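As a plain string of letters, each chain reads:
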Amino acid sequence: MVSIDGRGDGKSLIRARGLGKTYRRGGEEIHVLQGLNLDVDAGDFVAFMGPSGSGKTTLLNLLGGLDVPSAGSVTVAGDEITRMSGAKLTAWRARHVGFVFQMYNLIPVLTAFQNVELPLLLTGLSKAERHRHVETALAVVGLTDRMRHYPRQLSGGQEQRVGIARAIVADPTFLLCDEPTGDLDRKSADEVLDLLDRLVRDHGKTALMVTHDPLAAARARTVLHLEKGVLVESVAAGNAR
Amino acid sequence: MKYLHLVVSNLLRKKTRTALTAGSFAVALFLFGILAAVDGAFKQGVDVAGVDRLVVLNRVSIIQPLPLAYRDRLARIPGVTKVTFANWFGGVYQDERNFFPQFAIDRESYREMYPEFVVPDDQWQAFLGDKEGAIVGEALLERFKWKLGDRIPIKGAIFPGSWEFNIRGVYRGRRPQDDTTQFWFRWDYFDERKTFTKGVVGWYVIRIANPDDAVRLVKVIDEQFANSPTETKTDTEKAFAASFVKQMGNIQLLIMSVGSVVFFTLLLVTGNTMAIAVRERTRELAVLKAVGFRDGFVLALVIVETMTVAAVGGGLGLGLAKLFTLRGDPTGGLLPFFYVSPQSIASGFGLALAVGLAAGILPALAASRLRVVDALRRI
Ligand SMILES: Nc1ncnc2c1ncn2[C@@H]1O[C@H](COP(=O)(O)OP(=O)(O)O)[C@@H](O)[C@H]1O
Ligand SMILES: [Mg+2]
């Protein structure tokens, strides 16, 4: 279940209450988010849409603990992350969030394997265990045979799948994807969306995705629109499955 | 250790840049090694000076002699355990450029006074048995490719005439920094052959029973000969050597200035290079943080990278300097020794790491302060 009325049923995995974010540029204040509420249950696949500059990235950054809100709170699995200090928040991110970026953001000097391994370096896993986890993650995204390749030796779609493998390898509580198909052609985009779909359906992941692409949004169970600093239900709510 | 590949991959990202930076360190530390060797050569006398030896000179000037009769009077002073003496000869071997120090030494006492110079017993006996015998340092022997038994002609400058000596022995130093460029021959032969001012010596060297007693004994000795026609000026061997080094003061200042400028430049160049390297990687560093690496980790990563370059380049430079000095003194024997000591290597390496740290710290702080959201927004 997903709700935006701020009432939720108390069981939600991710809960945002009265979330506000104000940027100051020059003497001017820009209120990007204003009292936004959101409840997302575990296992949901939510798409956020909205015009450019409407605050979609800002919202994901707040939910993922990359930024702190000007007002309101974010609670994930019972932890109020908006109260955590910098170092604690960093540790929390490592345990609970898998980020997928539009620009893939792989480290060019590391192989696909090493890129996927990065989050595991922060755990106490042994080398052999890390190896196993990385292979599993790469198998899920169908790139076992590209393990030793560097990002520049991969296509955009493959790079993004490595990015997804990196996001899931440490088995995070939820995935945050900011326009994951924004730079991809239709075919690659569909492959990536199929993958996210499978992760939610078959692997029970929770995923929140920002997208401009209606076809991408259609894959999600719920589509929400960001308008004037708050979330509204999709007009075409019939898309929700 | 599991992070090692992060450091290595980043350093290999721009191989030319890394090689050039490491190369700067290599050049600077090579220079450091050579300068340390030259500096050490100047200071060598101070370092190797025996703490239990005093030097007694003529008060008027170092080139004025002292009476031979002072030998017994010095020996009788309580606290003095041994007395020897020597004379500067200042002759020329073939050509003035072939300079090396020649001493007329007392065959009875000189060897025991300097235990750091080792002469095999049979060679010393041969020296005692030949009035024209000479003992040469092994560096000197090597320099002119002499052999035992060679007859060496030396033209007297202060003491005119053509002098010839037979090499009867070779001394080596116990420590690498001991000066083995000297040429010794017998004072008794010297005194017998010279035509004027017989029965005088250049200076005395005495051993004292207790080094802590040196200050008192210096006074006692000089008072003993005060108000006599030949007054003395006594000093510890260390102070004596140090007064020579002071005359080299300008050279040391020069060495220091050149060294400082080189290292300051190295600091700026490396700091700039690392700042550029970090700026290029802004996005990647932000991703590391997003994934869950702490600010402190990013800080350490950049510093370790810089210090790795410093260690590799610096180590290479010091290694080359060491190899260079092993090939021998480039002045062809003018320096009493030419040697990069383990201490110099250690301090050079420490200096390289310190420069690496100083150069890396600002870029590393910038990297650690980077805000993920801002860095990811920038394209
Ligand atoms: N650090 C910042 N300082 C000032 N304004 C910002 C900053 N980050 C984002 N904004 C502004 O906030 C608004 C929302 O940005 P963003 O969340 O990136 O929107 P979206 O992802 O929906 O395109 C934009 O108008 C943007 O210019
Ligand atoms: Mg955005």
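Being a predicted model, the structure only gives us computed values, none of them experimental.

Cut-off values and rules
- Residues numbered from 1 in each chain as written.
- Chains lettered and ligands numbered in written order.
- Predicted model: local features only at pLDDT ≥ 70, side-chain atom pairs only at ≥ 80, totals over all residues.
- Heavy atoms only, no water.
- Helix = DSSP H or I, 4+ residues; strand = E, 2+ residues; numbered from the N terminus.
- Contact = heavy atoms within 4.5 Å.
- Areas by Shrake-Rupley, 256 points an atom, 1.4 Å probe, with all protein chains shown as cover.
- Lys, Arg positive; Asp, Glu negative; His and termini not counted.
- Charge placed at Lys NZ, Arg CZ, Asp CG, Glu CD.
- Near = heavy atom within 4 Å.
- Polar contact = N/O pair within 3.5 Å; in protein donor to acceptor, adjacent residues only side chain to side chain.
- Nonpolar A, V, L, I, M, F, W, Y, C, P; charged D, E, K, R; others polar.
- pLDDT = per-residue confidence, 0-100.

Draft legend 1. Just the overall build of chain A, in detail. Each helix and strand in chain A was counted, giving seven helices and eleven strands. With the C-alpha coordinates aligned to their principal axes, the bounding extent of chain A is approximately 45 × 40 × 40 Å. Long-range pairs, those at least 24 residues apart, make up 70% of the contacts in chain A with a sequence separation of at least 6. Counting only carbon and sulfur atoms, one obtains 49% of the accessible surface of chain A, whose full area is about 10300 Å². If you average the places of the 29 positive and of the 28 negative side-chain charges in chain A, the two averages end up 4 Å apart.

Draft legend 2. Region of interest: the site of ligand 1. Every one of the 13 residues lining ligand 1 counts as a neighbour, but Gly53(A), Lys56(A), Thr57(A), Thr58(A) and Arg377(B) are closest to it. Neighbouring residues of ligand 1 are not confined to one chain but are distributed across chains A and B. Taking Tyr23(A), its side chain carries an N or O atom lying 3.5 Å from a nitrogen atom of ligand 1. Notes on ligand 1: free accessible area 560 Å², of which the protein chains cover 76%. For the shell around ligand 1, the elements supplying multiple residues, two or more each, are strand 2 (14-25) and helix 1 (56-63) of chain A together with helix 14 (372-377) of chain B. Sorting elements by how many residues they give to the shell around ligand 1 places helix 1 of chain A first, with three residues. Residue classes in the shell around ligand 1 are distributed as three nonpolar, six polar and four charged.

Draft legend 3. The arrangement of the confidence of the model for chain A in detail. Mean pLDDT over chain A works out to 93, with 97% of the residues at or above the 70 mark. Here residues 237-241 of chain A is modelled with pLDDT under 50, and outside its nearest four sequence neighbours on either side it reaches seven contacts, counting other chains as well.

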